[in-house]
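Single-letter residue listing:
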Amino acid sequence: MKKELVERLISDDLPSIAEIEAKYPKRNLPEGAVVSRTGPSPTGFMHIGTIYQTMISKKLVEQTNGKFFLRIEDTDTKREVSGAREIIVDYLIKYGLLNKEIDEGPFLDDSDKDNYGPYTQSKRANIYKAYIKYMLENDLAYPCFCTTEQLNEVREGQKKEDLRTGYYGNFARCRRLSEEDIIAKLDAGLDYVIRFKSNGKHSNKILIEDSVKGKRNIAENDFDIPILKGDGLPSYHFAHLIDDHLMGTNLVVRGDEWISSLPLHLQLFETMGWEAPKYAHISPIEKMDDGKRRKLSKRKDPEASVVYYDEVGYPVQAVLEYLFNIANSDFEQWRKQNPLADLKDFELKVNKLNKSGALFDFDKLNHVSQNYISRLTKDEVYNELEKWAINRDTHLHKKMVQNKDYIKEIINIERENTNKPRKDITMWSQAWDTMSYFFDDEFSLTKEEFMEKAGNPDPAVAKAIVIDFIADYDKNMALDKSEWFNSFKELAEKHGYCTNGKEYKKNPDAYKGSMANFAKIFRVLLTGEPQSPDLYYMMHVMGKERVFKRISI
């Protein structure tokens, strides 16, 4: 296409290709280092799938001493939501997937630091236009003046003829325009987009090799896709081509809904004479719905949004650990062999990534979260819980500030003093339920409730048990746990309870109840519930005055 006509189509004052390439030199990294990125759009909704994909990309970068960067892909201006950019950055930092000290991203866009930015696509418009200008000059692209109505008409005609829908072959009417036709349409003031001139044939099959899905034969691309839209911004297909080339991306991790676009993307790289990155197409997180698998939906499933995990209080590390569980088939075995190891010690293998789609499983997530929280120290639990409560539960936060040491003692029951820590907290929104009864202003228990929850013991026997328990309280609480428990068993036997489980099963009518029935009397009196943490540690934390007040029948 003649230079004068190209200038009419793209009249901006643009840098030369040589100037652009000089600004983005080849990265100086170790051999085999992965350069990868995440490219969310600022639509206001942060999908858990974005965290999932970013986690995989970042992990592969860290394992090879490579480079990771965040790119804000905001070429779809109609869907952009105010404040969404900040949401993206904040959550990636919160999940440990973005580090402003070592990673690259939009926080460098306005700095003087030598980098590969801007990392916001809307700030790179002139870069894209420079390459589109080059493509027009070299007959690799052309202007298209088709209106929406005309395109819809073509599409409907293709459907009636049972043909592939799209702008290709004989249906690419503007591809055949002469320069005189183009000039006439420009003189008439008609709107236009710039389209890529594909040299592919749909009948040809090309072999692609995906890092996750393996080798596949897919039809060659023959669509003349728009590369510059009417608003002056590029399409995603073209923007990602230019950006990944200039930023040195050598591995793209993305959802497998993009695998059908891979022939187009490889063709674009080939057309420009550039080496394409490797692609790893990961399956989406799915769930069962009425017996069928489907993708997590932001309209139907609260767990699709990263905000949900924040609101209910799943710890960040627990969510990440769960995502590793569904990402890599050998993670669960690794965790069993390394129960206390940091996630950073796990080696993620691309060939072990889930090929068919992972099912979201709340039971598994809860199990992972319980195990994670159980491994934390009392100080770590307190600190994470306080961070969550300050914005999510003002009542709990007030209690924590006013009773810091007491709550730490509550948290530490069956935690640091045992090799089998209790696992009664799944998420921070449940934590108050596990400790509220330690506070007198939160506790209430009627005699009727006691009888029902304790299994209707003989009131006279229950009272006698309590009197004897109080009589030896100081002496017994000075003992260590095993000695205390022996004394507790002796008290049970004195009042007709069986302390041998097998014996009780053989002849239950010979006793007032089992050891569990006996302990239940104290559990209900102290907590209002038949199940509770270890009685010995719990009473030490509650203190003598509170214990006596509660067990007095």
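So, here is what we can say about the structure in this document. (Residues numbered from 1 in each chain as written. Predicted model: local features only at pLDDT ≥ 70, side-chain atom pairs only at ≥ 80, totals over all residues. Heavy atoms only, no water.)

Some details on the overall build of the protein chain
Helix and strand counts for the protein chain come out as 25 helices and 14 strands. Radius of gyration (C-alpha) of the protein chain: 33 Å, far over the 24 Å computed for a compact globule of 553 residues. Along the first, second and third principal axes, the C-alpha set of the protein chain runs to 110 × 55 × 45 Å. Sorting the 553 residues of the protein chain into buried and exposed places 49% on the buried side. In the protein chain, of all internal contacts separated by at least 6 residues, the share reaching a separation of at least 24 is 72%. (Helix = DSSP H or I, 4+ residues; strand = E, 2+ residues; numbered from the N terminus. Rg over C-alpha atoms; globule rule 2.2 N^0.38 Å. Buried < 20%, exposed > 50% of the residue type's maximum accessible area, 1.4 Å probe, protein only. Contact = heavy atoms within 4.5 Å.)

A few points about the environment of Leu-5
Looking at the secondary structure, you find Leu-5 in helix H1 (residues 3-9). For Leu-5, a relative accessible area of 4% puts it in the buried group. In contact with Leu-5, not counting residues within four places along its chain, are Glu-179, Ile-182, Ile-183 and Leu-186.

So, the sheet that holds strand E4 (residues 193-196)
What the three strands build is an open sheet, ordered E3-E4-E7; its pairing is antiparallel. Where the open sheet ends on each side, the last strands, each with one partner, are strand E3 (141-144) and strand E7 (226-228). Ignoring strand direction, the axes of neighbouring strands in this sheet form an average angle of 45°. As paired elements, E3 and E4 share four bridges and run antiparallel to each other. (Pairing = 2+ DSSP bridges. Axes fitted to C-alpha atoms, helices over the stretch in contact; angles between N-to-C directions.)

Regarding helix H8 (residues 236-246)
Summarising burial for H8: 10 of the 11 residues are buried, a large majority. When we look at burial in H8, the residues that qualify are Tyr-236, His-237, Phe-238, Ala-239, His-240, Leu-241, Ile-242, Asp-243, Asp-244 and Leu-246. Among the residues trailing H8, Gly-248 stands out with phi positive, at a value near 80°.

Focus on unusual backbone geometry
Of the consecutive residues Gly-117 and Pro-118, the connecting peptide bond is found in the cis state with omega at 0°. Here Pro-118 shows up in the loop between helix H4 (84-94) and helix H5 (125-137). A positive phi is found at Asp-139, a non-glycine position, where the angle reads about 60°. You can see Asp-139 is positioned in the loop between H5 and E3. Residue Asp-139 is classed as partly exposed on the basis of its relative accessible area, which comes to 45%. The phi dihedral of Asp-162 falls on the positive side, at around 55°, and the residue is not glycine. Within the secondary structure layout, Asp-162 lies in the loop between helix H6 (148-160) and helix H7 (179-187).

Things to note about the layout of surface pockets
When its volume is computed, the largest pocket comes out at roughly 1200 Å³. The wall of the largest pocket is formed by 41 residues, among which Pro-40, His-47, Thr-50, Glu-257 and Trp-258 lie closest to the centre. At the level of secondary structure, the elements contributing two or more residues to the lining of the largest pocket comprise strand E1 (35-38), helix H3 (48-63), H4, H8 and strand E8 (251-255). In terms of residue count, the dominant contributor to the lining of the largest pocket is H3 (four residues). Every residue lining the second largest pocket is counted, 39 residues in all, and those nearest its centre are Gly-248, Thr-249, Asn-250, Leu-251 and Glu-275. Elements that contribute at least two residues to the lining of the second largest pocket include exactly H3, strand E5 (205-210), H8, helix H9 (262-272) and strand E9 (278-282). A breakdown of the residues in the lining of the second largest pocket according to their chemical character gives 21 nonpolar, eight polar and 10 charged. (1 Å grid on protein atoms, 1.4 Å probe; cavity = no way out; pocket = protein on both sides within 12 Å on 5 of 7 lines; lining within 4 Å. Points joined across faces, edges and corners; volume = space filled by probe spheres on them. Nonpolar A, V, L, I, M, F, W, Y, C, P; charged D, E, K, R; others polar.)

Observations regarding the pairing of strand E11 (residues 292-295)
Two elements, strand E10 (residues 285-289) and E11, share four bridges in a ladder whose sense is antiparallel. Bridge pairing in E11 places Glu-286 opposite Lys-295. Linking E10 back to E11 in an antiparallel pair, the connection comprises two residues, with Asp-290 at a positive phi of about 55°.

Comments concerning the sheet that holds E10
Pairing within the open sheet is mixed, and its three strands lie in the order E11-E10-E12. The sheet is open, and its two borders are formed by E11 and strand E12 (358-359), each paired with just one other strand.

Digging into the packing of helix H19 (residues 459-471) against helix H23 (residues 515-527)
Following both chains from N to C, one finds H19 and H23 inclined at 80°, their axes separated by 11 Å at the closest point. Compared by their axis directions, H19 and H23 come out roughly perpendicular. On H23, the residues touching Ile-465, Val-466 and Phe-469 of H19 are Phe-518, Ile-521, Phe-522 and Leu-525. Per-class residue counts for the contact of H19 with H23 are seven nonpolar, no polar and no charged. (Parallel < 35°, antiparallel > 145°, perpendicular 65-115°, else oblique.)

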